[in-house]
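Here's the letter readout for the chains.
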Amino acid sequence: MSHRLGPGSPPGVWVCSTDMLLSVPPNPGISWDGFRGARAIALPGSTAYARNHGVYLTDSQGFVLDIYYQGTEAEIQRCARPDGRVPLVSGLVFFSVETAEHLLATHVSPPLDACTYMGLDSGARPVQLSLFFDILLCMARNVRREDFLVGRPPEMGQGDVDIAGYLHGARAELWRELRDQPLTVAYVPDGSYNYMTNSASEFLHSLTFPGAPGAQVVHSQVEERQLLGAGSSVVSCLLEGPVQLGPGSVLQHCHLRGPIHIGTGCFVSGLDVAQSEALHGLELHDLVLQGHHVQLHGARSRAFTLVGRLDSWERQGTGTYLNMSWSRFFQKTGIRDWDLWDPDMPPIERCLLSARLFPVLHPSRALGPQDMLWMLDPQEDGGKALRAWRASWRLSWEQLQPRLDRAATLASRRHLFFRQALHKARHVLEARQDLSLRPLIRAAVHEGCPGPLMATLDQAAAGGGDPGVAARALACVADVLGCMAEGQGGLRSGPAANPEWVRPFSYLECGDLARGVEALAEERDKWLSRPALLVRAARHYEGAGQILIRQAVMSAQHFVSSVPVELPAPGQWVVAECPARVDFSGGWSDTPPLAYELGGAVLGLAVRLNGRRPIGARARRIPEPKLWLAVGPRQDKMATKIVCGSLDDLQDYCQPHAPGALLKAAFICAGIVSVHSKLSLSEQLLCAFGGGFELHTWSELPHGSGLGTSSILAGAALAALQRAAGRAVGTEALIHAVLHLEQLLTTGGGWQDQVGGLMPGIKVGRSRAQLPLKVEVEEITVPVGFVQKLNDHLLLVYTGKTRLARNLLQDVLRSWYARLPAIVQNAHNLVRHTEECAEAFRQGSLPLLGQCLTSYWEQKKLMAPGCEPLAVRRMMAVLAPHVHGQSLAGAGGGGFLYLLTKEPRQKEALEAVLAKTEGLGNYSIHLVEVDTQGLSLQLLGTETSA
């Protein structure tokens, strides 16, 4: 209603029947231009179907001329459209405000006041009216007043002669109020209409898609989908093993275990795995088999009904059962009419509705489908099945229906829904499918059964020994815990180092996945009592997932190697200098686990700011067996200095905010020091190098710049240290070594920063969807002179906002592990967009690159909502007329904004533009140029400053 039929309609009232099933295309093409009066929605039907239903007769402009119910062949043919179908009365009507007010005015006019509680409470005699054949019929253009007043709606029948005069007055009042209101039909030729019916054939038709190439599977887990016939339907089922379903058949609310063969034209519902054996060896055709929950004198039990698809439930006419005549049924089964009906029951009342066919209680055993299925093919068993059937307490459908236990039925269906959902969840995880489990998680928590879901996720995490599957399963457990907190208990993102979780974490760290998952579950049970504990437990489950991600990324060590070179003299500085990086497309796809689950591709530029390479490190050997660390500006006097004289001083290398943590991790990653060695720090240094090291790192970029500072700094530090230790490491090996270092540091992060800053120029880094994680780099060749053109049009604007992206990474990983459809699609688009951006560079097209930047920024915002501060949005809006495209660097949230200007050398012009804009804060614009050198290493003398 809201999204297909309603859009564009003027103010008014929709009236909708609830006794039909409608299918409406996404854009039904209904025009509301110039509309007034009332409008009925009509869907197509065959002339044969129309014989038992209502149809509209309209003119060429859509105005209703008449409405026929169970019309003659001639009347139905007059309503036919060129394709031979007719517009059915489909249960949907829209009244404009004017028409609705006219209709509303009748509620105080006798005898129509009797349609309301006000009239009834005043003692008025009830009057029955039809929406279509009273209210709408009086608006049809070909209907004459005399005919309308003496008519009656089909619902009333012909026996209520005494109220004919009463109805005459009601119709006269309707005619007076509504006759001048126009009635039109909106015909939806691509829709379908199915009235709720007693016909099994029509019911099956409404649940299936005849002619569809495959089966429709909804809320179900099916192990062997290839056995489902075309046009069949499976709803809320769990099908294990070979369960074959014929075309046009429907399974609902069943848990079946094959081998089972259900042929064409069948409807099977309410069977559990315990009843599956009754179906083994049978092939059903044109049958309706249902399991029911019933209450008999307060006791709950199961009953099973079996009828034919073609059987009629009408009281009149020639009756059939199991698609055969009663006489043929009696002959085949040995059942007699006195088994089904009392002897004094008149023959005209002996029908399927009143036949006591269905056993509800057996004196010595539980009932099953076999108590009905034997009738299909009575075996030579000496009449054993017939005697068991006769020994049972049996009811007719009329007697059984009031005893159906609807509460038990709903509870059983709910239980089955979650049972199949748990199977599906495990399959989704183990098959690495990009399907989101978030809806199931919310449903399980809402329905009060998160425990079985978490147990299933535990099994998936521990079962296959696959760290990738386990990490996603643990992230899903964290989602369950977070959902259980119902938005209370604090922020989802936060620390995950509570001592109570050390034991399960230690199992994961040493690779014992099964014991780790088990220990996590044991600890989890202690944290379920209130929202704050639930959220903290969720954080620790995400922390456990980070351990598994870290182990996966550590596989990049396979591609780290070095060769021995001459050891520099003691005191001789090795200086590494690097450019910053600007990402033009693909960011986030390099972030583990996306980098090895989806495969990443990022296009980045190595850049100098204001003509300088802003990131560097220097290292040298010193006589003392200690580590001297300095962090800060290039000048020693202003740097923060740290001295590590023992292994204890290095223990905080994995705490990113500890002083000098990155430098300490660099010594460990480079293999110069082992914190797990039995030798002391001084003994390790003296034995291997005859003394200690001094390491100094610096960056001229502000904190949170978004230009990849920390990863590039790590690469520079490793390069300088390795060379000072007498080893040469190639740039590609350094890229992988930085991945290793950042996992030691526990900051995580991807590979695009070090690719962008250690490798020169314009390039694309790629990683495949596999482990070990390997990054491959392709240099992009651009037209001659394009680099200088790019330099003239590229600017960096420091927004003055420190990038507060601490939780952005956790939010993105949470969304990825949840496989939110928008995030999965966006991640694929990021990778695809990188290849398009590379082609724009090869063409040397600034407008195309601008389009790439604009699209990339939209992708970043979708990946990490909240990465665009208000002040930055205002700044970008002011700059938009002057640029081909723009984006915040890195993850966004602040830092540097990079622009591709329409005109060259626009620094001063844009400074003037921004100066006129209020509320932008402390910004600055910087010249930027592509760096064609990348990482540089040089050996200097032994002087104290580089």
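Residues numbered from 1 in each chain as written. Predicted model: local features only at pLDDT ≥ 70, side-chain atom pairs only at ≥ 80, totals over all residues. Heavy atoms only, no water.

Asks: Go over the overall build of the protein chain with me, naming the residues and quoting the values.
Replies: Along the backbone of the protein chain there are 32 helices and 40 strands. C-alpha extents for the protein chain along the principal axes are approximately 120 × 75 × 55 Å. Counting contacts in the protein chain only where the partners sit at least 6 residues apart, residues at least 24 apart contribute 67% of the total. When the accessible area of the protein chain is evaluated, it comes to approximately 41,300 Å², of which 53% is carbon and sulfur surface. Seen as two clouds, the 86 positive and the 90 negative side-chain charges of the protein chain have centres 4 Å apart. (Helix = DSSP H or I, 4+ residues; strand = E, 2+ residues; numbered from the N terminus. Contact = heavy atoms within 4.5 Å. Areas by Shrake-Rupley, 256 points an atom, 1.4 Å probe, with all protein chains shown as cover. Lys, Arg positive; Asp, Glu negative; His and termini not counted. Charge placed at Lys NZ, Arg CZ, Asp CG, Glu CD.)

Asks: Would you mind going over the sheet that holds strand 20 (residues 299–308) in detail, with residue names and values included?
Replies: Spatially, 9-11-14-17-19-20 is the arrangement adopted by the 6 strands of the open sheet, whose pairing is mixed. Both edges of this open sheet fall to strand 9 (216–218) and strand 20, since each of them pairs with a single strand only. If you compare each strand with its neighbour and ignore which way they point, the axes differ by 15° on average. Strand direction decides the pairing type here: strand 9 and strand 11 (residues 233–235), joined by 3 bridges, are parallel. Paired with Val-217 across the bridge in strand 11 is Val-234. (Pairing = 2+ DSSP bridges. Axes fitted to C-alpha atoms, helices over the stretch in contact; angles between N-to-C directions.)

Asks: Would you mind going over the packing of helix 16 (residues 450–463) against helix 17 (residues 467–484) in detail, with residue names and values included?
Replies: Taken N-terminus to C-terminus, the directions of helix 16 and helix 17 make an angle of 165°; their axes are 8 Å apart at the nearest point. When the interaxial angle is binned, helix 16 and helix 17 end up roughly antiparallel. Two packed elements cross with a definite hand, and for helix 16 against helix 17 that hand is left-handed. Contacts between helix 16 and helix 17 involve Pro-450, Leu-453, Met-454, Leu-457, Asp-458, Ala-460 and Ala-461 from the first element and Val-469, Ala-470, Ala-473, Leu-474, Cys-476, Val-477, Val-480, Leu-481 and Met-484 from the second. (Parallel < 35°, antiparallel > 145°, perpendicular 65-115°, else oblique. Left-handed = near helix turned anticlockwise from the far one by under 90°.)

Asks: Let's hear about the packing of helix 15 (residues 438–446) against helix 17: which residues, and what values?
Replies: Axis separation between helix 15 and helix 17 bottoms out at 9 Å; the angle between their running directions is 40°. Between helix 15 and helix 17, the interaxial angle falls into the category oblique. Pair helix 15 / helix 17 crosses with right-handed handedness. Contacts between helix 15 and helix 17 pair Arg-438, Ile-441, Arg-442 and Val-445 from the former with Cys-476, Asp-479, Val-480, Cys-483 and Met-484 from the latter. Each residue belonging to the contact of helix 15 with helix 17 can be placed in one class, and the counts come to 6 nonpolar, no polar and 3 charged. (Nonpolar A, V, L, I, M, F, W, Y, C, P; charged D, E, K, R; others polar.)

Asks: Please set out the side chain of Thr-697 residue by residue, giving values where relevant.
Replies: Along the chain, the position of Thr-697 falls in strand 32 (residues 692–699). Taking the relative accessible area as the measure of exposure, Thr-697 reaches 1% and is therefore buried. Discounting chain neighbours no more than four positions away, the residues touching Thr-697 are Gly-616, Ala-617, Ala-630, Val-631, Gly-632, Leu-663, Leu-713 and Ala-717. (Buried < 20%, exposed > 50% of the residue type's maximum accessible area, 1.4 Å probe, protein only.)

Asks: If you had to explain helix 8 (residues 200–207) to someone new, which residues and values would you point to?
Replies: Looking only at helix 8, the buried set comprises Ala-200, Leu-204, Ser-206 and Leu-207. The arc enclosing the buried residues of helix 8, seen along the axis, measures out at 160°, which places them on a common side. (Arc of directions from axis to C-beta.)

Asks: Which residues make up helix 23 (residues 681–689), and what are the values?
Replies: Within the sequence span of helix 23, burial applies to Leu-681, Gln-684, Leu-685 and Phe-689. The buried residues of helix 23 occupy one face: seen down the axis, they fall within an arc of 95°. At its buried positions, helix 23 is contacted by strand 29 (615–622), strand 30 (627–631), strand 31 (640–644), strand 32 and strand 33 (727–728). Note on helix 23: the residue one or two positions beyond its end, Gly-690, has a positive phi of about 70°.

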